[in-house]
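# Examining the three-dimensional arrangement
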Amino acid sequence: MVNDRSDTATRMLRDEHQLILGVVDVLDETLSKPDSASDPDFDVVDRCISFFRLFADACHHGKEEDLLFPELIEHGMPGDEGPIAVMLSEHQQGRLSVRGMAEAIDGARSGDENAMSALRAHSDDYIHLIRAHIGKEDNILFNMADDMVLGEACRVLCDRYDVVCSRRFEGQTKDDLEIMAASLMAGQPGSS
Ligand SMILES: [Fe+2]
C-alpha cells in the first residue's frame, strides 16, 4: 500500500531531515576547504553545532524518541532490537559527536592543533553518521511507520509533534532555528 506522504506519521520528520542535511552540507563544506592551511570559518561551525544540538537533537530526535518510536512499539515493533534500537544508538552516537565538537571549538579557534584535530574528527563522524542515519530512516523505518500509523492515530501523533514544535529550545523557537538553517545554507553571517 502506498500512502500519500503529504499527510503521514513521518511527513514533518522527513521535512526536518532535509534541513538537517542542508546544514550538514554547510559544515562539510566549511571544514573541507581545499586550502587546509587556513582556518575554517569558526562562526559558521559554531552555528552549525547550535543547530544540531537544538534542532536536530532536541526538537527532531526528541519527537522521534518520545512520540514516533513509542507509537511504533505500541503497534508491535520491538524497541530493544531491530530498527528502533539501531536508530536510538545512532542518536546517542550523534549526541557524543556534537558534544565533542562543542568541547573542541574554543580550543580550535584559539589555535590549539589538538583541539582542531578533535573538531575535525568529531565533525567527520557526525557528518557520516547523520547522512547514513537519515537515509535509513527515510527509506526503511519511516516507510514502515507510514504504513503502520494511520487515520486517527496519525492525526493524534501529528498533533503531539506540533506541541513539541511549539516549545522553545534554549529560548529559540522552531522558526528561529529554521531561519538559522536557511541563513547558514545561504552563506549569510549570523546575527550574533
Ligand atoms: Fe530523524
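Conventions we followed
- Residues numbered from 1 in each chain as written.
- Predicted model: local features only at pLDDT ≥ 70, side-chain atom pairs only at ≥ 80, totals over all residues.
- Helix = DSSP H or I, 4+ residues; strand = E, 2+ residues; numbered from the N terminus.
- Rg over C-alpha atoms; globule rule 2.2 N^0.38 Å.
- Buried ≥ 20, exposed ≤ 12 C-beta atoms within 10 Å, placed from the backbone.
- Expected span 1.5 Å × (residues − 1).
- Contact = placed C-beta atoms within 7 Å.
- Core = buried A, V, L, I, M, F, W, Y, C linked by C-beta atoms within 7 Å.
- Axes fitted to C-alpha atoms, helices over the stretch in contact; angles between N-to-C directions.
- Parallel < 35°, antiparallel > 145°, perpendicular 65-115°, else oblique.
- Left-handed = near helix turned anticlockwise from the far one by under 90°.
- Nonpolar A, V, L, I, M, F, W, Y, C, P; charged D, E, K, R; others polar.

Time to look at the overall build of the chain. Helix and strand counts for the chain come out as six helices and zero strands. Mapped in sequence order, the helices and strands of the chain form the string α-α-α-α-α-α. Taken over the C-alpha trace, the chain has a radius of gyration of 18 Å; the compact-globule value for 192 residues is 16 Å, and the two agree within 12%. Judged by the C-alpha coordinates and their principal axes, the chain covers about 55 × 35 × 25 Å. For the chain, buried positions account for 31% of its 192 residues.

In this model helix 1 (residues 11-31) runs 31 Å from its N-terminal to its C-terminal C-alpha over 21 residues, within 8% of the 30 Å that 1.5 Å per residue would give. The secondary structure elements touched by the buried residues of helix 1 are helix 2 (42-74), helix 4 (113-148) and helix 6 (174-185).

With that settled, the discussion passes to the nonpolar core. Core analysis: the largest hydrophobic core is formed by 29 residues, its most contacted members being Val23, Cys48, Phe51 and Ala181. Secondary structure elements with two or more residues in this core: helix 1, helix 2, helix 3 (82-109), helix 4 and helix 6. It is helix 2 that contributes the most residues to this core, nine residues altogether. Formed by 14 residues, the second largest nonpolar core is a distinct cluster that contains Leu13, Ile84, Leu141 and Cys154.

Turning our eyes to something else, we now look at the environment of Asp112. Structurally, Asp112 can be placed in the loop between helix 3 and helix 4. Judged by the 14 C-beta atoms lying within 10 Å of it, Asp112 is partly exposed. The spacing of Asp112 and Phe142 is 30 residues in sequence and 42 Å in space, taken between C-alpha atoms.

Residue Glu170 is not a glycine yet carries a positive backbone phi of 50°. Locating Glu170 in the fold gives a position in the loop between helix 5 (151-165) and helix 6.

In this section: the environment of His61. The residue His61 is located in helix 2 in this model. The class of His61 is buried, set by 23 C-beta atoms lying within 10 Å. Taking the C-alpha atoms as reference points, His61 and Ala85, 24 residues apart in sequence, are found 14 Å from one another. In this view, His61 contacts Ala56 and His91; residues no more than four positions away in its chain are not counted.

Contact geometry of helix 3 with helix 4 gives a least axis separation of 8 Å together with a crossing angle of 155°. The orientation of helix 3 with respect to helix 4, classified from their angle, is roughly antiparallel. Crossing hand, helix 3 versus helix 4: left-handed. A per-class count over the contact of helix 3 with helix 4 returns 16 nonpolar, eight polar and three charged.

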